[in-house]
Each structure stands twice: as C-alpha cells, then as structure tokens.
Amino acid sequence: MNLFSSMRISSSGMSAERLRVNLISSNLANANVTRGEDGKPYKRLDASFKNLPTGFDNFLDIATQDGRNAAPEVEVDQVYQSPTFKRVYEPSHPDADAEGYVTMPDINPVEEMVDMIMASRSYEANVSVSTTAKGMIKAALSL
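What this report covers is the structure whose coordinates are included nearby. In this text the structure is predicted, and so the values were computed from the model without any measurement.

1. As for the nonpolar core
Item 1. Leu23, Ala31, Tyr42, Leu45, Ala47 and Ile107 form the largest nonpolar core, which has 6 residues in total.
Item 2. Beyond its immediate chain neighbours, meaning those up to four positions away, Tyr42 contacts Ser26, Asn27, Asn30, Val33, Phe85, Pro105 and Ile107.

2. Topic: a nonpolar patch on the surface
Item 1. A surface patch of nonpolar side chains, about 260 Å² in accessible area, is lined by Phe49, Val74, Val76 and Val79.
Item 2. Top contributing element to the nonpolar patch by residue count: strand β2 (residues 74-81), with 3 residues.
Item 3. Secondary-structure assignment places Phe49 in strand β1 (residues 45-51).
Item 4. Look at Phe49 and you get partly exposed, because its relative accessible area is 31%.

3. Some thoughts on helix α1 (residues 3-29)
Item 1. In this model, α1 (27 residues) spans 39 Å end to end at C-alpha, consistent with the 39 Å of a helix rising 1.5 Å per residue.
Item 2. Every buried residue of α1 is accounted for by Ser5, Ser6, Ser10, Ser12, Gly13, Met14, Ala16, Glu17, Arg20, Leu23, Ile24 and Asn27.
Item 3. Looking at the buried positions of α1, the neighbouring elements they touch are β1, β2 and α3 (109-141).

4. Quick look at the packing of α1 against α3
Item 1. Contact pair α1 / α3: the axes reach a minimum separation of 8 Å and the direction vectors enclose 160°. Comparing their axes, α3 and α1 come out roughly antiparallel. Between α1 and α3 lies a crossing whose hand is left-handed.
Item 2. Tallied by class, the residues present in the contact of α1 with α3 amount to 18 nonpolar, 8 polar and 5 charged.

5. Looking at the environment of Lys43
Item 1. Looking at the secondary structure, you find Lys43 in the loop between α1 and β1.
Item 2. Lys43 gets classed as partly exposed once you look at its relative accessible area, which sits at 30%.
Item 3. Sequence-wise, Lys43 and Ile107 are 64 residues apart; in three dimensions their C-alpha atoms are separated by 8.7 Å.
Item 4. Residue contacts for Lys43: discarding those within four places in its chain leaves Gln81, Ser82 and Phe85.

Scoring rules and cut-offs
Residues numbered from 1 in each chain as written. Predicted model: local features only at pLDDT ≥ 70, side-chain atom pairs only at ≥ 80, totals over all residues. Heavy atoms only, no water. Core = buried A, V, L, I, M, F, W, Y, C linked by side-chain atoms within 4.5 Å. Buried < 20%, exposed > 50% of the residue type's maximum accessible area, 1.4 Å probe, protein only. Contact = heavy atoms within 4.5 Å. Patch = residues over 30% accessible without salt bridge, like charges linked within 9 Å, V, L, I, M, F, W, Y side chains within 5 Å. Areas by Shrake-Rupley, 256 points an atom, 1.4 Å probe, with all protein chains shown as cover. Salt bridge = Lys/Arg side-chain N within 4 Å of Asp/Glu carboxyl O. Helix = DSSP H or I, 4+ residues; strand = E, 2+ residues; numbered from the N terminus. Expected span 1.5 Å × (residues − 1). Axes fitted to C-alpha atoms, helices over the stretch in contact; angles between N-to-C directions. Parallel < 35°, antiparallel > 145°, perpendicular 65-115°, else oblique. Left-handed = near helix turned anticlockwise from the far one by under 90°. Nonpolar A, V, L, I, M, F, W, Y, C, P; charged D, E, K, R; others polar.

Now the structure itself:
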C-alpha cells in the first residue's frame, strides 16, 4: 500500500463520518416534529457502514480497474429510518389523539450527542492520518 492509498482510505472515512454527523444533526433538529410533510412524525435516521475485505488474502485479490491493488475503503451501506416512536401524554398538544397522547420521534438527545462526539473523533482521526501521509509524501519528495 502506498501513501496515496492511505489518504484515499482516510478520505473515505471522513466522507462517511460527515454523512453520519449530518444525519445526527437532522435527528436533533427534528426531535420534536410530530407531523412532517407526510403527516407522520419524523423518523430517526442512522447509517450503517461497510468496508471492502481487509484480510491479507483478500487484499491481494482486490484490484482496481487499472490493475493496481485497491485499498479497503469505508462505504455507506445504507441510511435507514427507525420504525419506532414514543408516545407522550400532552393533552393540550394540537397533534394529541383522543386519549391525550402525542406520537413523537424516538430520539434521545443525549445518545445523539454521544454519537456526534464519536463521529467527530473518528473524523479527526482520519484527518490526522491524512496529515501524516501528506507530511511523509513531502519528506519523500525532499530526499
């Protein structure tokens, strides 16, 4: 694996974490939305990631279009919506049912903030890898 591969791997990780932060931001912004455009409460969004096989045996078999070995990268497998909601007793709310309960998105702001911190730390780690690889490339060019 060359230094450019490490930069490609870290940049794919940064892209994935950026998407994760955007989804978390959307969840936090819509935590109290009881009626969206479709008339239903907001559904919490989350992403799952996948990567190409990373074992040594598999690494040698992975080739790009131009015949070079491809480094494993992080990809967003899917963005999915949570099917769960919570019911909160608020009889004065305009969206309350006959029993006084409002169907709300099942979003816990504390969990979302913890996820946001984890995503930002992962992003920072990938930035550090890119910076280190860039410094190594500069040092190699100055030889």
